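Topology and contacts: notes
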Amino acid sequence: MARESRIPSAEAFKVQGWCPTAWQPMRSQDGWIVRVRPHGASVAVGQWRVLAELALAHAEPLIELTRLGNVQLRGVDEANLERVRSVLIDARLVPADADADLAPPVHCTPLYRRGDATHALASLLSRAVIERLSPAALARKGLEALPSKFGFVVDDAAHRLRCMNADIELWVAAHGQVALFAADCAEPVLWESAERAVDAAIEKALWFARERMLHAPALVRMRSLVHAKSAGTKLNEVGAPVPPGPLDQGAWMVGVPLGRIDAAAMLATTAAMPEHAEIRVTPWRSLWVSEAALAGGNPFSDAVHWITRDDDVRLRASSCIGAPRCEQARFAAQELSLEIAAHVPHGIHVHVTGCAKRCALSADATFVVGAEGVDDAGQTLLRVVRRGPREHAGPLVPYRELRARPQQIQKLIHDPHL
């Protein structure tokens, strides 16, 4: 493997309190997707270098950030899957235990202070989920494994991770209490200790594991079982993303265009950083860069690969992977999203989707541009939809026309029908 000697040993990543959480490769049009779900949203600089090396040697030369705060490599050849897995295990990016791989994910806000109550809660919940909700643990209770879409969130009082729409949410509330919210809760339930809150969250997941099997087909998400949440709770609001720029404690939020990190740029950017410094992953397709990582100065000045200003127009557009990497996509969604971004007005977020599934849709997207049929000449037609409790659809426009004149997006999103 190219530059293999630069990949550190597993011993280098034994950070106190750190526990990896998932290995679940998936087949796609352009090869296998290898996904990593970092505990506490945290990835060490040395681990980022491992990911970049693997991307350059065995996958597309990109590292993708997902809207669930995951990291993934795309286009891995099947012949290289075991090699990639072995390297990821050595770097403590995925667990060697196959059962732990399949435990439900625990996503955590990246905005905690290491060792604080939020970080401790996430660590406690992660351990309990592996011990009590892994497929083997559920099998011992006569239950089937929970579906891959089922998951937990550990948030803070700002509830910015509402964008992830998790099945069970926990956060540290006032006076050290821990709040729990789930689909069957009219309002958050407060617990006096993290241990009791975690136990309640596990019992809630076990209840769902039992109840879902009474339906055919078995339900995938808890909200499918419980049809109504309280309309009055503030948790129905979607937390706003944290924009790029300086943060508390000398940290920075750095955006990534369309959530795709150039692997060579990541290697160059982290070259002088301490190996154990943190660069956390966010659900907004950006990176939380610690003060320790920036001790030698801020190297994220390359505006082609990084977004460090909150007025960067690329923040106004997002997309799915699109054609040709997805066989269901009817057009190159990522290319179109970057072309229209410069013409999207401030305060508006347009998501471009190559098919009707709306993959990778961000919770804060205000408009969706998606494929909707073809005209008599066989051209793909796009429709602009305003999102909201009741969606409103605008007129159709040929894909080629919008690609040739991306400034049309301004007129389309201000169409009277919307």
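Let me sum up the structure you'll find in this document. (Residues numbered from 1 in each chain as written. Predicted model: local features only at pLDDT ≥ 70, side-chain atom pairs only at ≥ 80, totals over all residues. Heavy atoms only, no water.)

A word on helix α9 (residues 333-341)
It helps to recall that an α-helix has 3.6 residues per turn; residues three or four apart then point in one direction. Every buried residue belonging to α9 is among Ala333, Gln334, Leu336, Ser337, Ile340 and Ala341, and all of these are buried. Taken around the axis of α9, the buried residues stretch over an arc of 160°, which confines them to a single face. Of the surrounding elements, those touching the buried residues of α9 are β12 (260-262), β15 (317-319), β16 (350-353), β18 (380-386), α10 (399-404) and α11 (408-413). (Buried < 20%, exposed > 50% of the residue type's maximum accessible area, 1.4 Å probe, protein only. Helix = DSSP H or I, 4+ residues; strand = E, 2+ residues; numbered from the N terminus. Arc of directions from axis to C-beta. Contact = heavy atoms within 4.5 Å.)

Description of helix α8 (residues 263-270)
A large share of α8 lies buried, amounting to 6 of its 8 residues. When α8 is considered as a whole, its buried residues turn out to be Ala263, Ala265, Met266, Leu267, Thr269 and Thr270. Of the residues that open α8, the one with a side-chain oxygen 3.1 Å from the backbone nitrogen of Ala264 is Asp262. (Polar contact = N/O pair within 3.5 Å; in protein donor to acceptor, adjacent residues only side chain to side chain.)

Describing the environment of Glu278
Within the secondary structure, Glu278 is located in the loop between α8 and β13 (279-281). C-alpha of Glu278 to C-alpha of Ala41: the two residues are 237 residues apart in sequence and 9.6 Å apart in space. Residue contacts for Glu278: discarding those within four places in its chain leaves Ser42, Val43, Tyr112, Arg114, Trp288, Val289, Ser290 and Ala293. Only 2.5 Å separates the side chain of Glu278 from the side chain of Ser42, close enough to count as a polar contact.

Observations concerning the sheet that holds β15
Two strands in a sheet stick together by hydrogen bonds in their backbones, pointing the same way (parallel) or opposite ways (antiparallel). Read from one edge of the open sheet, 5 strands run β15-β16-β17-β18-β19, paired in mixed fashion. Of all the strands in the sheet, the pair left with one neighbour each is β15 and β19 (392-398). Between one strand and the next, the sheet's axes are offset by a mean angle of 25°, whatever the strand orientation. As defined by bridge partners, β16 adjoins strand β17 (residues 367-374) across 4 bridges and the pair is classed as parallel. Its bridge partner lying in β17, His351 is registered against Val368. Contacting β15, β16 and β18, α9 runs over the sheet at an angle of about 175° to β15. (Pairing = 2+ DSSP bridges. Axes fitted to C-alpha atoms, helices over the stretch in contact; angles between N-to-C directions.)

Brief notes about the pattern of salt bridges
Counted according to the given criterion, the structure contains 17 salt bridges. With a closest N to O distance of 3.1 Å, Glu64 and Arg74 form a salt bridge. Taken together, the residues span a long stretch of sequence, with Glu64 in strand β3 (residues 62-65) and Arg74 in strand β4 (residues 71-76) at a distance of 10 residues. Each member of the pair, Glu64 together with Arg74, is buried. Each of Glu60, Glu64, Arg74, Arg260 and Arg325 takes part in a single network of salt bridges with overlapping partners. (Salt bridge = Lys/Arg side-chain N within 4 Å of Asp/Glu carboxyl O.)

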